[in-house]
Amino acid sequence: MKRLLVTGGCGFIGSNFVRLALQQLPDCRLVNLDKLTYAGNHENLKDIANDPRYRFVKGDITDGTLLEKLFAEEQIDTVIHFAAESHVDRSITGPAEFIQTNIVGTFTLLEAARKYWLADNKDSSQCRFLHVSTDEVYGSLGDTGYFTEETPYDPRSPYSSSKASSDHLVNAYFHTYGLPILMTNCSNNYGPYHFPEKLIPLILNNALNGKDLPVYGDGKNVRDWLYVVDHCEAILTVVLNGTIGETYNVGGNNEKQNIEIVTTICDLLDQKVGLLPDGEARRTLIRYVTDRPGHDRRYAIDASKIKKELGWSPAVTFEEGILKTVDWYLDNPEWISAVLDGSYQNYYEEMYGNR
Ligand code: NAD
Ligand code: TDX
């Protein structure tokens, strides 16, 4: 039986992962530690909230005392570390939280794992600390080439620099203390429960409501899109079968220019819900706006290591994934409106009271 501590399990990827882990690991115990920042929505997990194997703890990964208590109380043997400030634009306007959560928080979590797992007389052979990171640590590509696990780090934004810093700490804990770490660096995820500040859900929501569709710069920046459930499957694969100390790149093999993403969503919505009230196609809402400072031009992942060594490759094509995503947002208008009006933040109090 695995005893998992998932951090940031109320966020976009974390909530998809918690659901998948409870399905695929019938004997597990799963503790979800989440601060419930603006990006954390416990309603994302309302379907599993009463599962007896699941426990939610509202708390901060920078709180070492809480972490030490949780490791001991729950006899944690596996950490899946998602908790982070994750939005590049917010890291440009307010970097401090990124340093605190992404760097100091990861350090505090590593320390708690080290103290609990590497204490005298403890057998840590079954313990694993999986750090979920990003391809943004590798910097920006030109028109050709791919990021491999050997690509030198070259982060450009406060977000990617804070993730790179946390990655270095995780690797240092392996080399210095022998902490049994694993790392995944993955490309842009999309799918259900994606907070509508990120490109795909923002464009979906604005296009549905006839609002302007902001495209940064010339719209030709490229991202490699990965359906979120494929990413969660990759994480499970790595934590169960990966080699300790190793990094695995995870990608969707779906490179798209941003403008292609935006026009695809516009056309799908036109087909599914009809044209705008004035009879115009949704593409007419596209507005080219000032570029993001330091905007990385292209990301593309070489995911051959995880395929060759662990047998993982993405199962969902972009065409399937974007359809599933559009359908999920059309089927869950109350989720979007609760996120946009802030009422989702009351859900935790309603479920758990003030504890
Ligand atoms: P998200 O912003 O949707 O969720 C982050 C979660 O962490 C939220 O539930 C939030 O409440 C929680 N959190 C934030 N600060 C915390 C703290 N101090 N203590 C405890 N919980 C805290 O993020 P996401 O998109 O789900 O990303 C999850 C992880 O995956 C991040 O580490 C991110 O860097 C990485 N990643 C994301 C993508 C992507 O496309 N979304 C791609 C590559 C890597
Ligand atoms: O309104 C927008 N218009 C626009 O053109 C927004 C929000 C974004 N963009 C562009 C910027 C990027 O080139 O779309 C692309 C995707 O932007 P984001 O959704 O903000 O994602 P990105 O900056 O690529 O980072 C994401 O993928 C890697 C996640 O937010 C990170 O957490 C992850 O590490």
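What you see is a predicted model, and the numbers here were worked out from it, not measured in a lab.

What counts, and where the lines are drawn
- Residues numbered from 1 in each chain as written.
- Chains lettered and ligands numbered in written order.
- Predicted model: local features only at pLDDT ≥ 70, side-chain atom pairs only at ≥ 80, totals over all residues.
- Heavy atoms only, no water.
- Buried < 20%, exposed > 50% of the residue type's maximum accessible area, 1.4 Å probe, protein only.
- Helix = DSSP H or I, 4+ residues; strand = E, 2+ residues; numbered from the N terminus.
- Pairing = 2+ DSSP bridges.
- Phe/Tyr/Trp six-rings, centres within 6.5 Å; stacked < 30°, edge-to-face > 60°.
- Near = heavy atom within 4 Å.
- Areas by Shrake-Rupley, 256 points an atom, 1.4 Å probe, with all protein chains shown as cover.

**Side note on the pairing of strand 5 (residues 128-134)**
When you tally the buried positions in strand 5, you get seven out of seven residues, the bulk of the element. Here strand 4 (residues 78-81) pairs with strand 5 via four bridges, running parallel. By the bridge assignment, Thr-78 is partnered in strand 5 with Arg-128. Sheet topology places strand 5 next to strand 6 (residues 181-186); six bridges connect them, and they run parallel.

**A short note on the packing of aromatic side chains**
Using the criterion set out here, one finds 17 aromatic pairs in the structure. Residues Tyr-138 and Tyr-153 carry aromatic rings whose centres are separated by 5.6 Å and whose planes lie at 90 degrees to one another, so their mutual orientation is edge-to-face. Residue Tyr-138 is found in the loop between strand 5 and helix 5 (158-177), and its partner Tyr-153 is found in the loop between strand 5 and helix 5; the two are separated by 15 residues along the sequence. For Tyr-138, a relative accessible area of 4% gives the class buried.

**So, the pairing of strand 6**
The buried count for strand 6 comes to six of six residues, which makes it a mostly enclosed element. Side-chain alternation along strand 6 places Ile-181, Met-183 and Asn-185 on one buried face and Leu-182, Thr-184 and Cys-186 on a second face that is also buried. Relative to strand 11 (residues 247-250), strand 6 is paired through four bridges, and the arrangement is parallel. Within strand 11, the residue paired with Thr-184 across the bridge is Tyr-248.

**Some points on the site of ligand 1**
The local shell around ligand 1 holds 28 residues, among which Ile-13, Asp-34, Ser-86, Tyr-159 and Lys-163 are the closest. If ligand 1 stood free it would expose 840 Å²; the protein chains cover 97% of that surface. Contributions of two or more residues to the shell around ligand 1 are made by helix 1 (12-24), strand 5 and helix 5. For the shell around ligand 1, the leading source of residues is strand 5, giving three residues.

Purely geometric numbers; function is a separate question.
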